[in-house]
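Inside the fold
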Amino acid sequence: MKNKLWINGKWEDSKGGATLTIINPCTEEGIGTVPDATRADVDRAVQAAHQAFEDRRWAGLSRAQRSTILWKFADLLEKQSEPFAKAESENTGKPYKLLSLGGDIPFSVDNLRFFASAVRNTAGASSDEYLAGYSSLLRREPVGVVGQVAPWNYPLLMAIWKIGPALAAGCSIVLKPAPTTPVTTLMLAELMAEAGIPDGVVNIVTGGNETGQALVEHPLVRMVSLTGSTATGKKVMKTAADTLKRVHLELGGKAPFIVFEDADVEKVAATAAFAATCNTGQDCTAATRVYVAKKKLNEVQDAVVAAMRAVKVGSPYEDGVAMGPLISGIQKERVYGIVNRAKQAGAKILTGGGTPKGRDKGYFIEPTVIGGVAQNAEIVQNEVFGPVLTVQTFEGDAEAVRMGNDVVYGLAASLWTQDLSRAMKVSSRLEFGTVWVNDHLPLTSETPHGGFKHSGFGKDLSQEAVADYQITKHVMIKNG
């Protein structure tokens, strides 16, 4: 692990000298240190990005050239899949096979290839005459220097979700990974240089809250893209307002999992367990609130409990392991605290709620199902960010929609029914950026991902993500 910052195409020491210790959440042991970047460090990175944008060393390349470089970046990442998966496993505790086989690494490569293609589809439009005697051109131009703040739950994938569309749009970047999970983001630096991305176009600074604050406040940063908590998103918006920066926010979630009476119970249970425990539930789109048609409660609840009990918890390389630890001691205390407060308030722990047997070392928690909760309960209304499902009942489609929408978040939801008419009607009324029918969690590089309400605004993935990093300019030419 590099104990340096990536600025203007080189590894640089921090001006301050303070460091952050990176912890393996399975062992609670340190695996290395990275700089806690100062304001002076952030300024150096932003200045490098600004100069790279001003001299158009990236945006000035042809679309074909930029596309080719991004394709090469994707190819290099694919060739390095094994070391990236190992590093991500050690830094986050994620099961190695879930990272390497159809998981974060392949999806990251696919994202880069999509955005490499998107480079060639970012032009504006033209028209002969909106006004008699004039020709108009609509140009799609890059915003400029973008400050990007990535989260700890998907360190590599979220870095790619930010780098890919910003580069496709022609921007230059200063990227700050989460202070607990910078390892694979730093590993990307030399791959980008090898691929041919010019010096200064992508810069990486590590650090905590003060580093992020300096990046958001910097006057040369024209846009801030954050994936993180809703509370952090609000702070970023307030800070960005002082310099009228654009903000792109993918924030918290509290996804409902709505089960109608005609749903396939076996598929419901298997998917609910996977969607609640994948990434240890540390996913803004994770299934969290199971709402079941009243007549089906016992059948569905029993099946979900059985499926959650069958999820194997362990370290990254154990055979059959499907769920690793939470990311940190702080996160473990937070999740246990919410679960225990629910129990004290009268909720019933149907399974889980404690430490898995033999896992006293590491930040582990059992997959947990909780019943007997009220709609206004903390555990129903607030994001837990752990492998915890609550189960409630509803009567009729209208109540299912009302209960599903009855949180401040609006990132993702799913509904389960064999009735196509119901699926279309209910999905149109759910206030979420993504609504799955008879599934939960799948995403593709071609389809937009982003929230409603307190889950933020702006889109990751798809051509819409590229557009978020661009400004439309109207050029009017007088004929003759």
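Right above here is the structure, for reference.
Scoring rules and cut-offs
- Residues numbered from 1 in each chain as written.
- Predicted model: local features only at pLDDT ≥ 70, side-chain atom pairs only at ≥ 80, totals over all residues.
- Heavy atoms only, no water.
- Helix = DSSP H or I, 4+ residues; strand = E, 2+ residues; numbered from the N terminus.
- Buried < 20%, exposed > 50% of the residue type's maximum accessible area, 1.4 Å probe, protein only.
- Contact = heavy atoms within 4.5 Å.
- Areas by Shrake-Rupley, 256 points an atom, 1.4 Å probe, with all protein chains shown as cover.
- Pairing = 2+ DSSP bridges.
- Axes fitted to C-alpha atoms, helices over the stretch in contact; angles between N-to-C directions.
- Expected span 1.5 Å × (residues − 1).
- Arc of directions from axis to C-beta.
- Salt bridge = Lys/Arg side-chain N within 4 Å of Asp/Glu carboxyl O.
- Parallel < 35°, antiparallel > 145°, perpendicular 65-115°, else oblique.
- Nonpolar A, V, L, I, M, F, W, Y, C, P; charged D, E, K, R; others polar.
- Phe/Tyr/Trp six-rings, centres within 6.5 Å; stacked < 30°, edge-to-face > 60°.
- Lys NZ or Arg CZ within 6 Å of the ring centre and 35° of its normal.
- Left-handed = near helix turned anticlockwise from the far one by under 90°.
- Polar contact = N/O pair within 3.5 Å; in protein donor to acceptor, adjacent residues only side chain to side chain.
- Core = buried A, V, L, I, M, F, W, Y, C linked by side-chain atoms within 4.5 Å.

**Topic: the overall build of the chain**
Check the secondary structure of the chain and you find 16 helices and 22 strands. Each principal axis of the C-alpha distribution contributes one length, and for the chain these read about 75 × 60 × 40 Å. When the 480 residues of the chain are sorted by exposure, 57% land in the buried category. For the chain, contacts bridging at least 24 residues in sequence account for 73% of all contacts bridging at least 6. As displayed, the chain offers around 19400 Å² of accessible surface, 51% of which is attributable to carbon and sulfur atoms.

**A closer look at the sheet that holds strand β19 (residues 434–437)**
Strand order in the open sheet made by the seven strands is β14-β15-β16-β13-β12-β18-β19, with mixed pairing throughout. Each having just a single partner strand, β14 (348–351) and β19 make up the two edges of the open sheet. Strand-to-strand, the axes of this sheet are offset by a mean angle of 25 degrees, without reference to chain direction. Strand contacts of helix α10 (residues 265–277): β12 (255–259), β13 (287–293), β16 (388–394) and β18 (412–416), with the helix running at about 170 degrees to β12, the strand carrying the most contacts. Each of β12, β13, β14, β15 (368–371) and β16 is contacted by helix α11 (residues 297–309), which is oriented at about 60 degrees to β14, the strand it contacts most.

**So, α11**
Helix length check: α11 (13 residues) gives 18 Å between terminal C-alpha atoms against 18 Å at 1.5 Å per residue, within 8%. Within α11, the full set of buried residues consists of Val300, Gln301, Val304, Val305, Ala307 and Met308. For α11, the buried positions fall inside an angular range of 165 degrees around the axis, keeping them on one side. Seen from the open side of α11, the exposed residues pointing more than 90 degrees away from its buried face are Asn298, Asp302 and Arg309.

**Some thoughts on the pattern of salt bridges**
Counting across every chain of the model gives 20 salt bridges. We note a salt bridge from Arg44 to Asp41, for which the minimum N-O separation is 2.7 Å. Of this pair, Arg44 and Asp41 both sit in helix α1 (residues 39–54), separated by three residues, roughly a single helical turn. What you see here is one network of salt bridges that share partners, running through Glu261, Asp262, Asp397 and Arg422.

**Examining the packing of helix α2 (residues 63–79) against helix α5 (residues 104–118)**
Direction vectors running N to C along α2 and α5 enclose 170 degrees, while the axes themselves pass 8 Å from each other. When the interaxial angle is binned, α2 and α5 end up roughly antiparallel. Counting all contacts with α2, which are made through Ser67, Leu70, Trp71, Phe73, Ala74, Asp75, Leu77 and Glu78, the residues of α5 involved are Ser108, Val109, Leu112, Arg113, Phe115, Ala116 and Ser117. The residue makeup of the contact of α2 with α5, split by class, is nine nonpolar, three polar and three charged.

**Some remarks on unusual backbone geometry**
In this structure, Asn279 takes a positive phi of about 60 degrees despite not being glycine. Assignment of secondary structure puts Asn279 in the loop between α10 and β13. The phi dihedral of Ser462 is positive, around 70 degrees, even though this residue is not glycine. If you trace the backbone, Ser462 turns up in helix α16 (residues 462–468). With relative accessibility at 2%, the residue Ser462 sits in the buried group.

**Considerations on α1**
In a regular helix each residue adds 1.5 Å, so 16 residues correspond to 22 Å; α1 covers 22 Å between its end C-alpha atoms and thus fits that length. All buried positions along α1 are accounted for by Asp41, Val42, Ala45, Val46, Ala48, Ala49, His50, Ala52 and Phe53. Buried residues along α1 sit against β1 (5–7), β6 (134–142), β7 (145–149), β8 (172–176), β9 (202–204) and α8 (209–217). Just beyond α1, the residue with positive phi is Arg56, at close to 60 degrees.

**Regarding the packing of aromatic side chains**
For the structure on display, the rule yields seven aromatic pairs. Look at Trp6 and Trp11: their rings are 4.9 Å apart centre to centre, the planes differ by 65 degrees, and that puts the pair in the edge-to-face class. What makes Trp6 buried here is its relative accessible area of 7%. Taking the ring centre of Phe364 as reference, the NZ or CZ of Arg359 above it sits at 5.3 Å.

**Some remarks on the packing of α1 against α8**
The contact between α1 and α8 brings their axes to 9 Å, and the two run at 40 degrees. The angle between the axes of α1 and α8 places the two elements in the oblique class. α1 and α8 meet at a crossing whose hand is right-handed. Contacts from Arg39, Val42 and Val46 in α1 reach Thr211, Gln213, Ala214, Leu215 and Glu217 in α8. Of the residues that constitute the contact of α1 with α8, the class distribution is four nonpolar, two polar and two charged.

**Thoughts on the side chain of Ser14**
Within the fold, Ser14 resides in the loop between β2 (10–12) and β3 (19–24). The buried category is assigned to Ser14, whose relative accessible area is 17%. At 3.1 Å, the side chain of Ser14 and the backbone nitrogen of Gly16 are in polar contact. For Ser14, the contacting residues outside a window of four places in its chain are Leu5, Pro35, Asp36, Ala37, Thr38, Asp41 and Arg44.

**Things to note about the nonpolar core**
With 91 residues, the main nonpolar core has Phe73, Leu167, Leu188 and Ile197 as its most contacted residues. Among the elements that line this core, the one with the most residues is helix α6 (residues 155–169), at eleven residues. Not counting the four nearest positions on each side in its chain, Ile197 is found in contact with Trp58, Ile69, Phe73, Leu167, Met192 and Val202. Within the second largest apolar cluster, 29 residues are counted, among which are Tyr363, Ile370, Met403 and Val426.

**Structural notes on the pairing of β3**
Residues Leu20, Ile22 and Asn24 point to one face of β3 and are all buried, whereas Thr19, Thr21 and Ile23, pointing to the other face, are not buried. Alignment of β3 against strand β4 (residues 29–35), held across six bridges, turns out to be antiparallel. Counted as the bridge partner of Thr21 is Thr33 from β4. As consecutive antiparallel partners, β3 and β4 are separated by four residues, and within that stretch Glu28 has a phi angle of approximately 65 degrees, a positive value.

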